[in-house]
Amino acid sequence: MSTMQATTVSCPHCGRTNRVPVAAEGRPKCGHCKQPLPWMVDAGDDDFTEVAERAGLPVVVDLWATWCGPCRMVSPALEKVATDLAGRIKLVRVDVDKNPGLSRRFEVQAVPTLLILDRGETVARQAGAAPAPALRQWVEQSITARKGRSG
Ligand SMILES: [Zn+2]
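Overview of the structure. (Residues numbered from 1 in each chain as written. Predicted model: local features only at pLDDT ≥ 70, side-chain atom pairs only at ≥ 80, totals over all residues. Heavy atoms only, no water.)

### Concerning the coordination of the zinc ion
Coordination of the zinc ion by the protein comes from Cys11 (SG), Cys14 (SG), Cys30 (SG) and Cys33 (SG), over a distance range of 2.3 Å. Coordination geometry of the zinc ion: the four donor atoms subtend angles of 104 to 119 degrees at the metal centre, consistent with an arrangement described as tetrahedral. (Donors = N, O, S within 2.8 Å, 3.2 Å for Na, K, Ca; no water. Tetrahedral: all angles 85-135°; square planar, octahedral: opposite > 155°, others 65-115°.)

### What to know about the sheet that holds strand E5 (residues 90-95)
Reading across the sheet, the five strands line up as E3-E5-E4-E6-E7 and stay open at both edges, with mixed pairing between neighbours. Pairing within the sheet leaves two strands with one partner each, and these edge strands are strand E3 (40-42) and strand E7 (121-127). Strand after strand, the sheet turns through a mean of 20 degrees between neighbouring axes, direction not considered. With six bridges joining them, strand E6 (residues 113-118) and E7 adopt antiparallel strand pairing. Residue pairing for E7: Leu114 is matched across the bridge by Gln126. (Pairing = 2+ DSSP bridges. Helix = DSSP H or I, 4+ residues; strand = E, 2+ residues; numbered from the N terminus. Axes fitted to C-alpha atoms, helices over the stretch in contact; angles between N-to-C directions.)

So, in structure tokens, the structure goes:
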């Protein structure tokens, strides 16, 4: 029996509910229609390495806080981006108040702070709120530029 943590997500293509592991090799696909599924998980000081740094695809990290007004706008916008870019990115949410280690490590001065990690390396970073289309453009540019550089 696996004790691996999982989350559930509705497939944007067929509507079926799928269980998606928090950390896994590869990228999740719908068990019904085989389309890539949005991958949106929470992580913290204890499991960030496994969930975010070892992911086989670019990771968008949302460093947020419960008391942060703009975060309540950015988090759903990022979920939309993760849905639009299913199979291309993984969205990892980190509550900075519960995870002081990550907050220190990434020198978070303001929330939300957004990072794009590629195999543990920070390739892009921005702070503050932005609407979904702007976030999507930022994410796509960051992951495309990365791909270009690595050949
Ligand atoms: Zn499906």
